[in-house]
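What follows is each chain in one-letter form.
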Amino acid sequence: RRHQRDGAMSSSKASKKAAAAAAAKSGGEPSAASDPIRALAYVLRGNKGPESRSARLQDPRMGDSRVDYFRGKDLFRALRASPEILDEYAPLITGAPTPTVPTAKDRDAQVHAIATQMMKSGYFVRADRVYKTPRPGRTKRVKFPKFLEPVPSASQAFARDGEGFYAWKYDRPMSWTFVCVSFAAAVAVVLMCLFPLSPIWFKKTILYACIGILSTFFVIFSARAMVFALVWIVAGRQFWVLPNISSDEIPLDEIFSPLWAFDDVDANGAVVGYVPLVNRLMGAGSVAAVLYALYWVAPENGSAIKSISKAHGSILDLFDLNDAPKSVAGAVFNATGNETATAGGNDDVNASFGVNATVIVGEDAIEDVDATVAGGGGGDGDGGGGG
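If you're wondering where the values come from, they're calculated on a predicted model, not measured in any experiment.

Cut-off values and rules
Residues numbered from 1 in each chain as written. Predicted model: local features only at pLDDT ≥ 70, side-chain atom pairs only at ≥ 80, totals over all residues. Heavy atoms only, no water. Buried < 20%, exposed > 50% of the residue type's maximum accessible area, 1.4 Å probe, protein only. Helix = DSSP H or I, 4+ residues; strand = E, 2+ residues; numbered from the N terminus. Contact = heavy atoms within 4.5 Å. Axes fitted to C-alpha atoms, helices over the stretch in contact; angles between N-to-C directions. Parallel < 35°, antiparallel > 145°, perpendicular 65-115°, else oblique. Left-handed = near helix turned anticlockwise from the far one by under 90°. Nonpolar A, V, L, I, M, F, W, Y, C, P; charged D, E, K, R; others polar. Pairing = 2+ DSSP bridges. Phe/Tyr/Trp six-rings, centres within 6.5 Å; stacked < 30°, edge-to-face > 60°. Lys NZ or Arg CZ within 6 Å of the ring centre and 35° of its normal.

Q: What exactly am I supposed to notice about helix α3 (residues 72-81) here?
A: The α-helix advances 3.6 residues per turn, and as a result positions three or four apart in sequence lie on the same side. Burial in α3 covers these residues: G72, D74, L75, F76, A78 and L79. Here the buried face of α3 lies against α2 (36-44), β2 (63-71), α4 (83-94), α5 (104-120) and β5 (165-168).

Take a look at the structure:
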């Protein structure tokens, strides 16, 4: 009987492992009946799970590795917002049925129980910040650090208050969506390599789109700087519009939240780094003097427009985006110069050299070449009259 019972248990475990392996191989979701913890981990690693970020886990025993992690409070928040997940998986994992009318305390107890079981099964481990103090020049620590280290074994437990960071040890199986996205990314790389062979109008579209994006960022950062300077001079506060727009520690969908914030408040809400009014006025006067000096030595409007036009032509010439390729234009000018040299004299030969120089120098020398050609024609007329 004992051998039969052991054989039944081993066959049950083998069937569970086979089902999990088959689900992982097929890229599908594991069965909640065969392995509820693995099935819950599959769900939590998706869109319904807690917000996760990537960091480097510095483990002295296993070495450094790149992991995804989440905060315990975010796991509480995610499962509170999806009670159907708790109703489905909590009884299977903990063995305790869900109350008929569960309270917030019951839900928190279910979250803590299933998180504890997942930690015991090795699906994630608790970690802590490597750098415990704020970076130089900041008053607060970052919300999601870039470097983590595992806590000692005695502290490897899920906190009831949701504090701490937890690094995932489970990766969701690869799905067909991920395969298709990866293939599309490879195709995009190949298309970017073929960019030099694209038509000139397409290259110009990409160039002007990039210039437009850079100009937009320049306008945004200039407006932020002017608003910051105005508030700092008047009130002495460090006020930023779109404070997260240049941060590399938050995702793209959060760079516009919040729209504005004060950057001179510590954890207790007290203002730090206040500058006296006299010092602020002196700093503003110095900046105004520098700006006035730059305006005084700046070129006139007509000269600035010509400089912009020259820069535009130089950019098109640098990326070979002119409507007529250089080689074709050079062949036309050389042919014209050779015909002139054959038909005329030395003055015409000089004129042809001037035309050839136009191809090398650029657009600015066209007027000089035209004048040279006109001068050569006038010389022929004088010579004819003298003869």
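Now that the structure is up, let's keep going.
Q: What exactly am I supposed to notice about the packing of α3 against α5 here?
A: When two helices pack together, their arrangement is given by the angle between their axes and by how far apart the axes lie. Their axes nearest at 10 Å, the elements α3 and α5 cross at an angle of 120°. Between α3 and α5, the interaxial angle falls into the category oblique. The two elements α3 and α5 meet at a crossing, and its hand is right-handed. Two secondary-structure elements touch here, α3 through L75, F76, L79 and R80 and α5 through D108, V111, I114 and A115. Considered class by class, the residues forming the contact of α3 with α5 number six nonpolar, no polar and two charged.

Q: Please clarify how the sheet that holds strand β4 (residues 147-150) should be interpreted in this entry.
A: The pairing of strands in a sheet comes from backbone hydrogen bonds and takes either a parallel or an antiparallel form. A barrel is described by the order of its strands in space; here five strands give the closed sequence β1-β2-β5-β3-β4, paired in mixed fashion. The average angle at which neighbouring strand axes cross in this sheet is 50°, direction not considered. Where β2 and β5 come together, three bridges link them in antiparallel fashion. Residue pairing in the sheet places Y69 in a bridge with A167 of β5. Here α3 sits on the sheet and contacts β2 and β5; the angle it forms with β2, its principal contact strand, is near 40°. α5 contacts β3 (124-129) and β5 of the sheet and is inclined by roughly 95° relative to β3.

Q: Hey, could you run me through the packing of aromatic side chains in this one?
A: Any pair of aromatic rings gets described here by the distance separating the centres and the angle formed by the planes. All chains considered together, the criterion is met by 20 aromatic pairs. For the ring pair F228 and W240, a centre distance of 4.4 Å and an interplane angle of 20° mean the geometry is stacked. Residue F228 is found in helix α7 (residues 200-235), and its partner W240 is found in strand β6 (residues 239-241); the two are separated by twelve residues along the sequence. The exposure class of W240 is partly exposed, given its relative accessible area of 24%. The ring of Y42 carries the charged tip of R172 above its face, separated from the ring centre by 4.0 Å.

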